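Analysis of the macromolecular model
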Number of protein chains: 2
Amino acid sequence: MSPAADKPRHRVSRVPDRADYDLETVGEILDATTVCHVAVIDDRGFPVSIPTLHARVGSTLFLHGSSASRLFRTAARREVCISATAVDGLVLARSVFHHSVNYRSVVLFGSPEAIEDEDGKNEALRAFTEKLIPGRWEDARQPAPQELKATAVLRMPIDEATAKVRTGGAVDEPEDYELPIWAGTVPLRTVAGEPIPDDRLLDGVAEPGYVGEYRDARS
Amino acid sequence: MSPAADKPRHRVSRVPDRADYDLETVGEILDATTVCHVAVIDDRGFPVSIPTLHARVGSTLFLHGSSASRLFRTAARREVCISATAVDGLVLARSVFHHSVNYRSVVLFGSPEAIEDEDGKNEALRAFTEKLIPGRWEDARQPAPQELKATAVLRMPIDEATAKVRTGGAVDEPEDYELPIWAGTVPLRTVAGEPIPDDRLLDGVAEPGYVGEYRDARS
């Protein structure tokens, strides 16, 4: 038994001042990231980590995928660790040692359960669709019963989670501030390009307003 | 024993036409992503997935972190799964069911080993620094012996890896092409903002050319 065995597994050991356990911060990072990585121990005892989309409603995280997928067959009712990270910038310190990135990350632990009922699946799919691009759910063709059946949806409470956030500039060793070396940060962000309409749109089908709004908010 | 137990763990079961096992494709995605997620089974038997930076040289992946970090204490000589994903766009289909994202992802399996010698660590740190921003290594203050000691570097061969890539537009059910619903893609990309110089730069220390080049290549 390791000395840390009685410590909650989501508590941060290293650089604890970067850690935050508030649902609000955790939720904001989950909302800001498109893809998470779901780690699970597979049938052969190996760790497996698979990227997938996620959506959050309040203190519940949703995952979805094909009912036939290995991840969704494996993850239900097992212990998983879900992590998602946004990179916000490069941090160029005077020393190689203190180079870093600014980032926001979350790590969640838990045991997801499958949603079996149609209404529950439908609500989760609404959350995924509206997260992808707000306004889309009402506009798109709603899921048919056989599509709901082909979609596995997992639900997990967000009650064992950590956020880690680094912001700001470089932090160098005191003596390195005397060096004639440039230091600073380079901000990074995700932007949306010009929407590309499908080749087979019916005549007269215009780009919806929410698509332009999404792009303008990320230009 | 599961029916798939004799199948290599990095072989893709679902949507195999999106899968690619070439080192070239795997390497390009590793180079294009800043952060990966390292999944490992912790001392208590739980899967744990932690974000960290990665760098690649040829067919070797490097990870680095504090010698005191839980991840680096845990991951050396254990089985890990490392995944990294870039999201390239939203795919808005006519049906909710066929909404997707364009992405490039890699999943690697293996067992990293710690690099103990100074030269080996130094070479790996050069790769990290030059990946963050090409040109930086020669400009920054090089690692001191005690900094190399405080840095754990892990090395893993990239020999059990899968890339998955989705590109292109929406793919709808045949009958849905008759619906008056807009469909298309919204490209996403990462851009760099204006570099922010450190408050404590010495007089006369100008922004290096490679910083401007990095920004211009991502504007």
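All residue numbers refer to positions counted from 1 along the written sequence of the respective chain. As a convention, the first chain written is A and the first ligand written is 1, with the rest following in written order. Reporting in this predicted model follows two pLDDT cut-offs: at least 70 for local features of residues, and 80 or more for side-chain atom pairs to be given and counted; totals over whole chains, interfaces and linings ignore these cut-offs and use all residues. Hydrogen atoms and water are omitted, and side-chain values are computed over all heavy atoms in the structure.

With that out of the way, let us pick up helix H3 (residues 118–132) of chain B. Taking 1.5 Å as the rise per residue, H3 of chain B with 15 residues should run 21 Å; its terminal C-alpha atoms sit 21 Å apart, in good agreement. Here's how the labels work: a residue is buried when its accessible area is under 20% of the maximum for its type, exposed when over 50%, partly exposed in between, all with a 1.4 Å probe on protein chains only. Per the convention used, a helix needs a DSSP run of H or I reaching at least four residues, while a strand needs a run of E reaching at least two, with both numbered from the N terminus. The complete set of buried residues in H3 of chain B reads Gly 120, Lys 121, Ala 124, Leu 125, Ala 127, Phe 128, Thr 129 and Leu 132 of chain B. Here the expected length of a helix is defined as 1.5 Å per residue gap, with one fewer gap than residues.

Let us now look at the relation of the copies chain A and chain B. A residue counts toward the fit only if its pLDDT is at least 70 in both copies, and the copies are then superposed by least squares on the C-alpha atoms of those residues. Least-squares fitting of chain A to chain B yields an RMSD of 0.0 Å, with the transformation described by 0.0 Å of translation along the axis and a rotation of 180°. Here the transformation between the copies is reduced to the relation of a two-fold axis. Relative to the rotation axis, the closest C-alpha in chain A is found at Thr 190 of chain A, a distance of 2.2 Å. Here 99% of the interface residues in chain A have copies in chain B that are interface residues too; the copies meet face to matching face. Only heavy atoms enter the contact rule, under which two residues are in contact if any of them lie within 4.5 Å.

Of note, Thr 85 of chain A is situated in strand E5 (residues 80–92). By the criterion applied in these results, polar contacts are pairs of N or O atoms within 3.5 Å in which, for protein atoms, one can donate a hydrogen and the other can accept it, and in which residues neighboring in sequence qualify only through two side-chain atoms. At 2.9 Å, the side chain of Thr 85 of chain A and the side chain of His 37 of chain B are in polar contact. Beyond its immediate stretch of four places on either side in the chain, Thr 85 of chain A contacts Thr 33, Tyr 103, Arg 104 and Ser 105 of chain A together with Val 35, His 37 and Pro 51 of chain B.

Right, let's get into the pairing of strand E9 (residues 161–166) of chain A. At least two DSSP bridges between two strands are required for those strands to pair. As paired strands, strand E1 (residues 19–20) of chain A and E9 of chain A are joined by two bridges and run antiparallel to one another. Bridge assignment links Ala 19 of chain A to a residue of E9 of chain A, and that residue is Lys 164 of chain A.

Okay, the domain arrangement of chain A next. Residues and elements named next belong to chain A. What marks off one domain from the next here is an automatic or database domain assignment. What the domain assignment lists for chain A is domain 1 (16–188) and domain 2 (190–219). Taken together, the contacts link six residues of domain 1 with four residues of domain 2. Note on domain 1 versus domain 2: buried area summed over both sides is about 420 Å², and carbon and sulfur give 63% of it. The largest contributions to the domain 1 side of the interface with domain 2 come from Ile 133, Pro 134 and Asp 139, which together make up 63% of the buried area. By salt bridge we mean one thing: a side-chain nitrogen of Lys or Arg within 4 Å of a carboxyl oxygen of Asp or Glu. On inspection of domain 1 and its partner domain 2, the count reaches zero salt bridges. Here domain 1 and domain 2 share two residue pairs in polar contact (both at pLDDT 80 or more) between them. Defined in terms of a 1.4 Å probe, buried area is the accessible area two parts forfeit on being brought together, summed over both.

Turning to a negative patch on the surface, a few remarks are in order. Residues and elements named next belong to chain A. Exposure above 30% relative accessible area and the absence of a salt bridge qualify a residue for a patch, where like charges join within 9 Å and nonpolar side chains (Val, Leu, Ile, Met, Phe, Trp, Tyr) within 5 Å. What sets the accessible areas is the Shrake-Rupley method with a 1.4 Å probe; for residues, cover comes only from the shown protein chains. Under this rule, positive means Lys or Arg and negative means Asp or Glu; His and the chain ends count for nothing. Charged side chains are reduced to one point each, which is NZ for Lys, CZ for Arg, CG for Asp and CD for Glu. Taken together, the side chains of Glu 116, Asp 117, Glu 118 and Asp 119 define an acidic patch exposed on the protein surface. Tracing the chain through its elements places Asp 119 in helix H3 (residues 118–132). Take Asp 119: its relative accessible area is 61%, and that puts it in the exposed class.

As a further point, take the side chain of Ser 83 of chain A. Residue position: Ser 83 of chain A is located in strand E5. Within the local environment of Ser 83 of chain A, its side chain forms a polar contact with the side chain of Ser 49 of chain B, the two groups lying 2.7 Å apart. Beyond its immediate chain neighbours, meaning those up to four positions away, Ser 83 of chain A contacts Cys 36, His 37, Val 106 and Val 107 of chain A together with His 37 and Ser 49 of chain B.

Below, the discussion takes up the interface of chain A and chain B. Often the size quoted for an interface is simply the accessible area lost on bringing the parts together. Across the contact, 94 residues belong to chain A and 93 residues belong to chain B. Buried surface at the junction of chain A and chain B, both sides included, amounts to about 8,000 Å², of which 65% is carbon and sulfur. Of all residues in chain A, Val 96, Arg 141 and Trp 182 of chain A give up the largest surface area on contact with chain B, accounting jointly for 10% of the area buried on that side. Counting every contact that joins chain A to chain B gives four salt bridges. For Asp 176 of chain A, the salt bridge goes to Arg 141 of chain B, with nearest N and O atoms at 2.6 Å.

The aromatic pairing rule takes the rings of Phe, Tyr and Trp, using the six-membered ring of Trp, and pairs them if the centres are within 6.5 Å, calling planes under 30 degrees apart stacked, those over 60 edge-to-face and the rest tilted. Summed over all chains, the structure comprises zero aromatic pairs over all chains. Just above the ring of Tyr 214 of chain A sits the side chain of Arg 218 of chain A; from NZ or CZ to the centre is 3.8 Å. Whether a charge sits over a ring comes down to the Lys NZ or Arg CZ being within 6 Å of the ring centre and within 35 degrees of the ring normal.

Time to look at the state of the cysteines. Two cysteines whose sulfur atoms are joined by a covalent bond form what is called a disulfide. All names here are of chain B. Two cysteine sulfurs form a disulfide in these notes if their separation is within 2.5 Å. If you walk through the whole model with that rule in mind, you get zero disulfides over all chains. Of the cysteine sulfurs around Cys 36, a residue in no disulfide, the closest is that of Cys 81, at 10 Å. Overall, Cys 36 belongs to the buried group, its relative accessible area being 0%. Cys 81 gets classed as buried once you look at its relative accessible area, which sits at 0%.

Residues and elements named next belong to chain A. Among the seven residues of strand E2 (residues 35–41), six are classified as buried, and the element is accordingly described as predominantly covered. Where E2 lies against strand E3 (residues 47–57), seven bridges are found, and the strand directions are antiparallel. The residue of E3 that forms the bridge with Val 38 is Ile 50. Hairpin connection between E2 and E3: a loop of five residues separates the two successive antiparallel strands, and Gly 45 in this loop has a positive phi of roughly 90°. Here E2 pairs with E5 via four bridges, running antiparallel. When the sheet's bridge partners are listed, Val 38 is paired in E5 with Ile 82.

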